[in-house]
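Descriptive structure summary
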Amino acid sequence: MQEVFVSGASGYIAQNIVKLLISKGYKVIGSVRSAAKGDQLKKDAGENFDYEIVENIGAPNAFDEALKKHPNVYAFLHTASPVAFATEDIANDIIKPAVEGTLNALKSVQKYGTNVKKVVITSSAAAKLDYQNIYNPDAAVVTEESWNPITDEEGLLNSMFGYFVSKRNAEKAAWEFVKTEDVKFTLNTIAPTLVIGPQAYASGVKETANFSVELLNGLLKSKPDSEMPVFDGNFVDVRDVAKLHLHAFESDVKDFKYLPITDYFSIQTCADIIREKFPSLRDTVPIGTPGAGKDVHTRYSPWDNKKTMAYLEDPISLEQSVVDTIDQIVNK
Ligand code: NAP
């Protein structure tokens, strides 16, 4: 049974990856920050899941012990990175763990991942998008090869900018590492845009969800006349993101920067879908201006990710993704 290591295994995207890996017959070793999170995931994922505790990916040699214990790991999927914005210390709470965590993962794999042939790093479209031109339909086309132009100094101005810097610098550091170091594995990176879709396991449905799913969950905590939150852009379903993580180590593809984006996204459109498909929620979800989300393409910056999409068959639509996400929350 082939072994795959998933860092940050208790995270939203990671659990979906773990679930898919287990369903395909892999043995999964996940790193989590506490035994409680590891035990819960083992309960959900089953006997082919084991965990190691890595409290802080930013600490030197963070993954050494975990990899020493699992010398048969074939693929290392590094998903862990801070996606939490309520901090005053952007440098130490967001940027440093993202960049150092990525380098620590690569260094540990280099030293102790004797059998690791493939490394996949979860980056973000935030590493690619020109943050000042996100809402400019005439902006340069964003592709797999783009890098956001934000400066490190701007990254300290607020935590969202910090996140943009954290993901770009972490991904760049990874590519630089494999270019300059003697490594026995190939690298692919995956930079999803906003990810929504159900939690892998019902136990993952919490009062407050992870950042991206909370955009939908938050609509269920509103009133019909509540102001519609403003969040336009694009999206990809979490199950498609999980599929691409498997593609990135199962296929022969190497040195590739996947950019999973499947459709436009607008909170207004999500609210319209929920109000139509879940009549019982009409007393909570904001009405806003129904239909106004349909012209999001006229407001949002363009992208071209044809190369990535060639590896993803039948991507899940926004409507399906919203319905499945809400269905899980309502029926938990
Ligand atoms: P998530 O649920 O918050 O998962 C993040 C994971 O990283 C959690 O397991 C978290 O552990 C762990 N982590 C964070 N900081 C850590 C640290 N210093 N030491 C050890 N572990 C740490 O968020 P997610 O949405 O699944 O994100 C997973 C990955 O996808 C991240 O790399 C993120 O940048 C990327 N991504 C997400 C989206 C999106 O829309 N969700 C879009 C593009 C890219 P705890 O939960 O225990 O703190």
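The model shown is predicted, which means the values in this text are computed figures rather than measured ones.

Observations regarding the sheet that holds strand E8 (residues 232–237)
Strand order across the open sheet formed by 3 strands is E7-E8-E10, with mixed pairing between neighbours. Single-partner strands in this sheet number two, and they are strand E7 (194–196) and strand E10 (263–266). Going across the sheet, the axis of each strand differs from the next one's by a mean of 55°, ignoring polarity. For E8 and E10, the ladder comprises 4 bridges, and the chain directions are antiparallel. The residue of E10 that forms the bridge with Phe235 is Asp263. Along the sheet face, helix H10 (residues 318–330) touches E7, E8 and E10 and points at about 55° away from the line of E7.

Observations concerning the site of the ligand
Neighbouring the ligand are 28 residues; Ile13, Lys37, Thr79, Tyr163 and Lys167 lie closest to it. Between the ligand and Ile57 there is a distance of 3.0 Å, counted from a nitrogen atom to a backbone nitrogen or oxygen. Here the ligand, which alone exposes 880 Å², has 88% of that area covered by the protein.

Some details on the domain arrangement of the protein chain
Partitioning the protein chain into domains gives domain 1 (3–195 + 235–258) and domain 2 (196–233 + 263–304 + 316–330). On a C-alpha basis, the centroid separation for the pair domain 1 and domain 2 is 25 Å. In this complex, domain 1 contributes 32 residues to the contact, which on the side of domain 2 involves 30 residues. When the two sides are added together, the surface that domain 1 and domain 2 hide from each other amounts to roughly 2600 Å², 57% of it contributed by carbon and sulfur. Contact with domain 2 buries area across many residues of domain 1, yet Tyr12, Leu194 and Phe235 alone supply 29% of it, more than any other trio. Scanning the region where domain 1 abuts domain 2 turns up 1 salt bridge. In this structure, Asp324 and Arg239 form a salt bridge, with 2.9 Å as the shortest nitrogen-oxygen distance. Counting every contact that joins domain 1 to domain 2 gives 17 residue pairs in polar contact (both at pLDDT 80 or more).

Parameters at a glance
Residues numbered from 1 in each chain as written. Predicted model: local features only at pLDDT ≥ 70, side-chain atom pairs only at ≥ 80, totals over all residues. Heavy atoms only, no water. Pairing = 2+ DSSP bridges. Helix = DSSP H or I, 4+ residues; strand = E, 2+ residues; numbered from the N terminus. Axes fitted to C-alpha atoms, helices over the stretch in contact; angles between N-to-C directions. Contact = heavy atoms within 4.5 Å. Near = heavy atom within 4 Å. Polar contact = N/O pair within 3.5 Å; in protein donor to acceptor, adjacent residues only side chain to side chain. Areas by Shrake-Rupley, 256 points an atom, 1.4 Å probe, with all protein chains shown as cover. Domains from an automatic or database assignment. Buried area = accessible area lost by both parts, 1.4 Å probe. Salt bridge = Lys/Arg side-chain N within 4 Å of Asp/Glu carboxyl O.

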